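Summary of the model geometry
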Amino acid sequence: MAAITSRYARAFADVVLDKKLDSAATVQQLRDIVVLAEQNADLRKVWENPAVPADQKRKLLDAITARLGSSRSVRNFVAVLIDHHRINALAIIARQFETELNTRLGLAEASVTSSRELNSSERHALEAQLETVVGKKVRAHYGIDQELLGGAVVRVGSTVYDGSVRGQLEKIREQLSAE
């Protein structure tokens, strides 16, 4: 299944890059459809039901993409998944598409969790520092966790950079208990 989902993700990345589409907008539009499908069991049942004709599924898709303001390319991509009975793998394919697109564009996704909301200059400085560390342009997503006490925890891929006060206290506790 991984080879199949990867094939669709690579093909859609080809389309986005060949047509010079706005990659961030395309990713967001696809995410919006994934979220809608994940939150709506009735929609999933219709799209995944082989007894429902494909043209009815596409009409439903057309109504959804019109309401969401999705591009024609995103609509067509989801229609291909419906037509090829791969719509049940939409979320997996969408994640692989994002990963493939980021790799081709030289981007790294970073998840930043801080103890408070970071202002734009702090975000910019943090992203610049991350770009130096990872050697790629960084697209950061921000969240707040007040239990951190201060600082931030950054995850880029499987690597975690813990600059939080809580993390520093844990390191000190481990050092003291080891002595």
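Each remark here, short or long, concerns the structure printed above.
Reading the values: rules and limits
Residues numbered from 1 in each chain as written. Predicted model: local features only at pLDDT ≥ 70, side-chain atom pairs only at ≥ 80, totals over all residues. Heavy atoms only, no water. Salt bridge = Lys/Arg side-chain N within 4 Å of Asp/Glu carboxyl O. Helix = DSSP H or I, 4+ residues; strand = E, 2+ residues; numbered from the N terminus. Core = buried A, V, L, I, M, F, W, Y, C linked by side-chain atoms within 4.5 Å. Buried < 20%, exposed > 50% of the residue type's maximum accessible area, 1.4 Å probe, protein only. Contact = heavy atoms within 4.5 Å. Pairing = 2+ DSSP bridges. Axes fitted to C-alpha atoms, helices over the stretch in contact; angles between N-to-C directions. Patch = residues over 30% accessible without salt bridge, like charges linked within 9 Å, V, L, I, M, F, W, Y side chains within 5 Å. Areas by Shrake-Rupley, 256 points an atom, 1.4 Å probe, with all protein chains shown as cover. Parallel < 35°, antiparallel > 145°, perpendicular 65-115°, else oblique. Left-handed = near helix turned anticlockwise from the far one by under 90°. Nonpolar A, V, L, I, M, F, W, Y, C, P; charged D, E, K, R; others polar.

Turning to the pattern of salt bridges, a few remarks are in order. According to the stated counting rule, one finds 10 salt bridges in the structure shown. The shortest N-O distance in the salt bridge between Arg 75 and Asp 62 comes to 2.5 Å. Placement of Arg 75 in helix 5 (residues 72-83) and of Asp 62 in helix 4 (residues 54-68) is noted, with a sequence separation of 13 residues between them. Here the salt bridges do not stand alone but share partners, grouping Asp 14, Glu 100 and Arg 104 into one network.

What follows deals with the nonpolar core. Within the largest apolar cluster, 29 residues are counted, with the highest numbers of intra-cluster contacts made by Leu 30, Trp 47, Val 78, Leu 90 and Phe 97. Beyond its immediate chain neighbours, meaning those up to four positions away, Leu 30 contacts Phe 12, Val 74, Phe 77, Val 78, Leu 90, Ala 94 and Phe 97.

Looking now at the sheet that holds strand 4 (residues 159-162). Pairing is mixed across the open sheet formed by 4 strands, whose spatial order is 2-1-3-4. Sheet topology places strand 2 (137-144) and strand 4 at the edges, where each strand pairs with a single neighbour. Across the sheet, the axes of successive neighbouring strands diverge by a mean angle of 20°, strand direction being ignored. Two elements, strand 1 (residues 107-114) and strand 2, share 8 bridges in a ladder whose sense is parallel.

Before going further, it helps to examine unusual backbone geometry. The phi angle at Lys 20 is positive, at roughly 55°, despite the residue not being glycine. Tracing the backbone shows Lys 20 in the loop between helix 1 (2-18) and helix 2 (23-39). One non-glycine residue, His 85, adopts positive backbone phi at about 55°. Tracing the chain through its elements places His 85 in the loop between helix 5 and helix 6 (90-105). Judged by relative accessible area, which is 58%, His 85 ranks as exposed.

On the surface, a cluster of nonpolar side chains totalling about 480 Å² of accessible area is made up of Leu 149, Val 165, Leu 169, Ile 172 and Leu 176. Here Val 165 lies in helix 8 (residues 165-178). By relative accessible area, Val 165 is classed as partly exposed at 36%.

This part covers the packing of helix 4 against helix 5. One can describe the packing of helix 4 onto helix 5 by two numbers: an axis separation of 10 Å at closest approach and a directional angle of 155°. By the angle between their directions, the pair helix 4 and helix 5 is classed as roughly antiparallel. The chirality of how helix 4 crosses helix 5 is right-handed. Together, Ala 54, Lys 57, Arg 58, Leu 61, Asp 62 and Thr 65 of helix 4 and Arg 75, Val 78, Ala 79, Ile 82 and Asp 83 of helix 5 make up the contact between the two elements. The residue makeup of the contact of helix 4 with helix 5, split by class, is 5 nonpolar, 1 polar and 5 charged.

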